[in-house]
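One-letter residues, chain by chain:
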Amino acid sequence: MSSSPPLVGVEPVLEKDPRLQDWADREQCALLAFIAPYTGVRVSPVAEAYASIGVQEEFGVETFLDRCAMAKVDKLHLLVNSPGGGVVSSYKVARALRSSFKYIRVFVPHMAASGGTLLALAGNEIVMGIMSHLSPLDPQVSYKGASISSNSVLRCFERFSGAFGQMLPEEAPYPIRCMTEKLDPLIMEEMCGTTLTCMRYVREILEAAGYDEDDAADKALELTTQYNDHSTVLGRDSLIAREYKVVPDSKYRKEWEVMRNWLRSHIARSESVHHMRYCLPKKKKAASNNGKHTPTIEGKRNAASPLPATRKDGANGKS
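Thresholds, definitions, all that
- Residues numbered from 1 in each chain as written.
- Predicted model: local features only at pLDDT ≥ 70, side-chain atom pairs only at ≥ 80, totals over all residues.
- Heavy atoms only, no water.
- Phe/Tyr/Trp six-rings, centres within 6.5 Å; stacked < 30°, edge-to-face > 60°.
- Helix = DSSP H or I, 4+ residues; strand = E, 2+ residues; numbered from the N terminus.
- Buried < 20%, exposed > 50% of the residue type's maximum accessible area, 1.4 Å probe, protein only.
- Lys NZ or Arg CZ within 6 Å of the ring centre and 35° of its normal.
- Core = buried A, V, L, I, M, F, W, Y, C linked by side-chain atoms within 4.5 Å.

## Considering the packing of aromatic side chains
This model, assessed by the stated rule, comprises six aromatic pairs. Where Phe 64 meets Phe 101, the ring centres are 6.4 Å apart and the plane angle is 35 degrees; that geometry is what we call tilted. Taken together, the positions of Phe 64 in helix α2 (residues 55–71) and Phe 101 in the loop between α3 (87–100) and β6 (103–108) put the pair 37 residues apart, joining distant regions of the chain. Seen from their ring centres, Tyr 91 and Tyr 201 are 3.9 Å apart, and the 10 degrees between their planes marks the pair as stacked. Pair noted here: Tyr 91 is in helix α3 and Tyr 201 is in helix α7 (residues 185–208), with a separation of 110 residues, a long-range link. For the pair Tyr 91 and Tyr 201, a shared accessibility class is recorded, and that class is buried. It is Lys 219 that lies over the ring of Tyr 244; its NZ or CZ is 4.9 Å from the centre. The positively charged end of Lys 245 is found above the aromatic ring belonging to Tyr 211, 4.9 Å away from the centroid.

Below, the structure written as structure tokens:
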């Protein structure tokens, strides 16, 4: 009986940059780069595959978390550059990171969009610069061969209902009747369920990151339903104004430059999965006693109760 093939995942690679190692040692934290390169891998003469958060990233993060657990590290500084990916995988990765560390600081030098936004929201702090952005979290679904926002179908139905809901079918303009007849109620129910599920995921991650229940609910509703375009840029200043846990890069200027350089070293390396690089603090050496003699229990007892002085010939004598 043959054994099952091993699960394939992104293999996290130990980073050897001394600046990153010094950072990990100084802060006693784990460092993780989760980078989708901007160049894909050609899989046919006319197609390329690009990194997207999926099952391989799930297992890669699991391997990284196992190594953090063995090192007993409970603080993470995370670099995210990602266009997103599957709702389920993005949620599972964000949840796993959030539940494995007491404190997470996320750096977004450029883009953490869609599922990448969910990863960023897991942070106690999100460090962003003037060119950084997050994006809305409305789920994207496949519909008649195209990828569309689940909200698009719902908004279409609401628009038709508002404009023609009081009309008899024969009163509605012919083009409207044709479009209305194509609205499948089962598809609309599925889209609604997908949006509500995504909203619940976002709310859970926000609450785990320290947002109170009401604020998490409001922000989850906003991110999943209140934007017309999935590619809307949510920049640093607008997020700070809406009281997300976002801080400017100036707060961590030195660390920000290190993270930018880390991103730069991998962003152009073609890959169909996310580059995953990490660094863990080295084990501290046991404290030394600076070369001083440590007396034994016997030695301590003798020092407290010295024996009488003796002569070489063994006879007791006066000093």
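## As for unusual backbone geometry
One non-glycine residue, Gln 28, lies in positive phi territory at about 50 degrees. Residue position: Gln 28 is located in the loop between α1 (18–27) and β2 (30–35). With a relative accessible area of 31%, Gln 28 lands in the partly exposed category. Despite not being glycine, Lys 72 shows a phi value in the positive range, around 55 degrees. One can find Lys 72 in the loop between α2 and β5 (75–81). Look at Lys 72 and you get exposed, because its relative accessible area is 76%.

## Topic: the nonpolar core
If you look at the biggest cluster of nonpolar residues, it comprises 51 residues, and the most contacted ones within it are Phe 64, Leu 76, Leu 97, Phe 101 and Val 202. Considering each element in turn, this core owes the most residues, six residues, to α7. Counting residues in each nonpolar core, the second largest holds 19 residues, with Trp 23, Val 247, Trp 262 and Leu 263 among its members.

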